[in-house]
Structures are given as C-alpha cells and as structure tokens.
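Structure at a glance
Chain residues, written in single-letter form:
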Amino acid sequence: AILFAVVFFTHAASPVHQTGDSTFCLPTAASMLREGNADIDEYAALAAFSPEFTVERVRGHMFNAFPIGTSLIAVPFVLVVDTTLDVLFRISPGLHQQVRHRVVAYVRARPLSTDPRLQESRIAWYETAPLDCVYLRQFFEVILASLLVALTAVALLRLARAHMPRGPALIVSLAFCFGTAAYSTASRGLWQHAPSMFLLTLVLLLLDAARAKPYLA
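**Thoughts on the overall build of the chain**
Scanning the chain for helices and strands turns up 10 helices and two strands. Going residue by residue from the N terminus, the α and β elements of the chain occur as α-α-α-β-β-α-α-α-α-α-α-α. In terms of its C-alpha atoms, the chain occupies a principal-axis envelope of roughly 60 × 40 × 35 Å. When each of the 217 residues of the chain is scored for burial, the buried share is 42%. For the chain, the exposed area adds up to about 11900 Å²; of that, 66% sits on carbon and sulfur atoms. Between the averaged position of the 17 positive side-chain charges in the chain and that of its 15 negative side-chain charges there is a distance of 11 Å.

Listed below in structure tokens is the structure:
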C-alpha cells in the first residue's frame, strides 16, 4: 500500500503532461460508454484543432487512429470520473464555473498553433463543451496512467519477492518506477505504454505462480 501510494502520488503530481497520440483515448472510452460505439463523430469540434494523425476516417465516421485497448481499459475510469464530477457540480454549481474559467484562461494563454482560426476553434470548444472527463482529459490521462504504473509497481514487487528478499525486490520495483520510461513516458499521458506494462507484468506474475498452480498458466 505504501509503495502504491508513493508511486501514484509522485507520478500524478509531476508537472509534465504529454497529450498528442493519446488525444482521443478518453473520448473513445466516453463514446463506448455513452453511445455504445467506438467512433468519435460527436467530437468533431475537438478533432478540428487536434493533430491530424490522431484521427482516421472510415466509411464516413471518425475513429481514434491508435489501438482501442487503452480506451477499453479507461471505460470504468471514465464512468467513475464523470459520475463524481456530476455529483460535485450539482452540489456546488459555482465550482463548475470556476473550473471552466480556469481551463479557458489556460487555453488562451497557451496557444498550440500560430493559426488564429485553430486557436479560436479551440477556445470556442473549451467555452461550450460539457465539463467532463474528456474536457479535463489532460489531467485525467495522467491520473489514470499514474494509477496503472503504481499498480504495475505493486505487481512487480510481488513478482520479485518470489525470487529475492524484500529489500532487493523493493529496489527493483522502485528502479522500474523512477529509473525507466515508466516515469518519463508511460505516466505522462494515456498512451499504450502504461496499460501494456501493467498487463504484461500481470501475465509474468501468473506464469510465475503457475509453477505451483498450473491452472494459472
């Protein structure tokens, strides 16, 4: 529990956020949750000022250009976050306006393009879009990615403990969390990295446990 908390809070609190490839990960998850499909047609206004390589068009529909696995893992997270935000904003309507004001001010101060039309469409989207997990995706991408890295740290510690004393096993886990791309890349945005690390570590843990319990293989 202590390892999980240390890894999660240090990664989540780190100021560097990277969204690019992952732009439509949470929108895809939200679309699956709300509309039962994986297209992102409802986010056309968001796509208008997002990197072109993040969207592919198939038979008149828009889709995230990157694998859907990360979005599938994010679906429960989106449900929890959106439900929580809805409750918070119902309890405190003023909080809704404060958050939107701060986000719009941030967007105005940090243009992503020299094209004024793109910046205008970006500002317009943030002024009118629903204030949900997709709206705050840069923040929540880091939260979920950090959560997955922290879970990976715990799984890796358990795997290492099967082969070495607790101290060296803890060093292995900490080295993974703070001395590899787990910190510099995987937890900086919701790429495929963090889910892949977590699932691969779980597979290794199960395969190792299968030595004593073959049915786990």
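Let us keep going from here.
**Some details on the nonpolar core**
Judged by nonpolar contacts, the single largest core of 58 residues is most densely connected at Trp 125, Tyr 126, Tyr 135 and Phe 140. Ranked by residues supplied to this core, first place goes to helix α7 (residues 137-161) with 13 residues. Residues within four places of Phe 140 in sequence aside, it is in contact with Leu 26, Phe 77, Val 81, Leu 85 and Cys 133.

**Observations concerning the pattern of salt bridges**
Overall, the coordinates contain five salt bridges when judged by the stated rule. In this structure, Arg 34 and Asp 132 form a salt bridge, with 3.1 Å as the shortest nitrogen-oxygen distance. With Arg 34 in helix α2 (residues 25-35) and Asp 132 in the loop between α6 (116-128) and α7, this residue pair connects regions lying 98 residues apart in the sequence. Under the relative-accessibility criterion, Arg 34 is labelled partly exposed at 42%.

**So, the pairing of strand β2 (residues 61-64)**
By the alternation rule, side chains of β2 split into Met 62 and Asn 64, which are all buried, and His 61 and Phe 63, of which none is buried. As paired strands, strand β1 (residues 55-58) and β2 are joined by four bridges and run antiparallel to one another. Residue pairing for β2: Val 58 is matched across the bridge by His 61. Here β1 folds back onto β2, and the loop between the two strands holds two residues, one of which, Arg 59, carries a positive phi near 50°.

**A short note on the environment of Phe 4**
Relative to the helices and strands, Phe 4 resides in helix α1 (residues 2-13). Put simply, Phe 4 and Val 149 are 145 residues apart on the chain and 8.9 Å apart in space, counted from C-alpha to C-alpha. Excluding residues that lie within four positions of it along the chain, Phe 4 makes contacts with Leu 147, Ala 150, Leu 151 and Val 154.

Definitions and cut-offs
Residues numbered from 1 in each chain as written. Predicted model: local features only at pLDDT ≥ 70, side-chain atom pairs only at ≥ 80, totals over all residues. Heavy atoms only, no water. Helix = DSSP H or I, 4+ residues; strand = E, 2+ residues; numbered from the N terminus. Buried < 20%, exposed > 50% of the residue type's maximum accessible area, 1.4 Å probe, protein only. Areas by Shrake-Rupley, 256 points an atom, 1.4 Å probe, with all protein chains shown as cover. Lys, Arg positive; Asp, Glu negative; His and termini not counted. Charge placed at Lys NZ, Arg CZ, Asp CG, Glu CD. Core = buried A, V, L, I, M, F, W, Y, C linked by side-chain atoms within 4.5 Å. Contact = heavy atoms within 4.5 Å. Salt bridge = Lys/Arg side-chain N within 4 Å of Asp/Glu carboxyl O. Pairing = 2+ DSSP bridges.

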